[in-house]
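# Fold and geometry: a report
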Amino acid sequence: MTNQTTTRSHASARHQTFADEVQYYLSLQPRQLPSRYLYDALGSALFEAICRLPWYRITRAETRLLAAHRRSVFDRLDPLTRLVELGPGSGEKLVTVIGPGDPGGPGNDDQSRPARLDVHLVDVSPAALAASSRSVGALDGVTVATHRASYEAGLAEAVSETQGGGRTLVLFLGSNIGNFDPPGADAFLRGIRSALDSEDACLIGADLVKDERELILAYDDPLGVTAAFNRNLLVRINRELGGDFNLDAFTHRAVWNAEQSRVEMHLVSLRRQRVRVAAAGLEFTMEKGESIWTESSYKYQPAAIVTMLEGAGFRLVEQWVDGEAGFALTLSQVT
């Protein structure tokens, strides 16, 4: 089979999976859509814009922690030879970890990382992989491999391609762990654990519980960028699956579910309407006020992050907390 034929085959399989999952999740009550489908090329660009909004403090807080403590990460994991980042986005945070940094800044000693590193980038978005591989690949002493796949499948590919010696560090940043419900987060972390060897490590970034108003502003910003990011999922379904969603008939809503400790994003129907998605073989009626639940972002207490990691087979190495923004960076090793 030629590379071109293989590529077409993979694209066809991804398209069918997208159609099947849209059919399944939109048939549930309440109606839902998997958040991973938010990240097509436009969705990824909109999310990068969200990360720069003054109301979305996650990226800046995490970047500060990575810059300040990267040397500690490498010192504690010596000899480290490979990094696997799940969901690298633009690659900026990984560059903060392994790049030359700001001379004289905290943790930014040029000798803080190994001279040579194998870096594996895992994402379902080709745009994110292209951007992150350009950013990271420009660094000295770094070899980059990309994996367009789910986190679990991409990690398995990355680990299978590595060859003896040194330790592996898996990075899961941006509070992406918050997109999993508690059982899903546990299963996901156990999957990471099972792919790694003894003394390999995991670096997790997680947003913390804070004032409700601050949380809502981060997910329903006054500029409407997050609303556009959310509605773009309907644009994608219309374009790729022959849907007929009317964007003007939906509004974005973010709510804080204190009982479940999560922010939820919804697309709310403004009127009673009939919707078709041809490739999914789906036709249904949405009532006025009915919503499609598109994303959950769980928020944590610092101790709960440690408990979650320990339950999945890791032991705490260190945890750093940005108290002002309410964000934690937690380094753990395989037990």
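What counts, and where the lines are drawn
Residues numbered from 1 in each chain as written. Predicted model: local features only at pLDDT ≥ 70, side-chain atom pairs only at ≥ 80, totals over all residues. Heavy atoms only, no water. Core = buried A, V, L, I, M, F, W, Y, C linked by side-chain atoms within 4.5 Å. Buried < 20%, exposed > 50% of the residue type's maximum accessible area, 1.4 Å probe, protein only. Contact = heavy atoms within 4.5 Å. Salt bridge = Lys/Arg side-chain N within 4 Å of Asp/Glu carboxyl O. Helix = DSSP H or I, 4+ residues; strand = E, 2+ residues; numbered from the N terminus. Pairing = 2+ DSSP bridges.

Ile98, Leu169 and Phe245 are the most contacted members of the largest nonpolar core, which has 68 residues in total. Sequence-distant contacts of Leu169, defined by excluding residues within four places in its chain, comprise Val73, Leu77, Leu80, Arg82, Leu83, Val84, Ala201, Cys202, Leu203 and Leu331. Listed in part, the 27 residues of the second largest apolar core include Val122, Leu189, Cys202 and Leu208.

So, on to the pattern of salt bridges. Taken as a whole and judged by the stated rule, the model has 23 salt bridges. In this structure, Glu62 and Lys93 form a salt bridge, with 2.9 Å as the shortest nitrogen-oxygen distance. With Glu62 in helix α3 (residues 58-76) and Lys93 in helix α4 (residues 92-98), the pair connects residues that are 31 residues apart, well separated along the chain. Exposure class is identical for Glu62 and Lys93. Each is buried. The residue Glu199 makes a salt bridge to Arg167 at a minimum N-O spacing of 3.7 Å. Here the residue Glu199 occupies a position in the loop between α7 (182-195) and β6 (201-207), and Arg167 occupies one in strand β5 (residues 167-172), the gap between them amounting to 32 residues. The class of Glu199 is partly exposed, set by a relative accessible area of 29%. Look at Arg167 and you get buried, because its relative accessible area is 18%. The structure contains a network of salt bridges with shared partners spanning Asp40, Arg236, Arg239 and Glu240.

Okay, unusual backbone geometry next. Residue Pro30 is reached from Gln29 by a cis peptide bond, and omega for that bond is 0°. By the secondary structure assignment, Pro30 is in the loop between α1 (3-26) and β1 (31-32). The omega torsion across Asp78 and Pro79 is 0°, close enough to zero to call that bond cis. Looking at where Pro79 falls in the secondary structure, it is placed in the loop between α3 and β2 (80-86). For Ser175, which is not a glycine, the phi torsion comes out positive at approximately 60°.

Right, let's get into the pairing of strand β9 (residues 273-277). Judged by which residues are buried, β9 turns out to be one-sided: Gln273, Val275 and Val277 face inward and are buried, whereas Arg274 and Arg276, on the alternate face, are not. Bridge analysis of β9 against strand β10 (residues 282-286) gives five bridges, and the strand direction is antiparallel. Within β10, the position partnered with Arg274 by the bridge is Thr285. Once β9 ends, the chain turns through four residues before running back antiparallel as β10, passing Gly281 with a positive phi of about 60°.

Any functional reading would require information beyond the geometric quantities listed.
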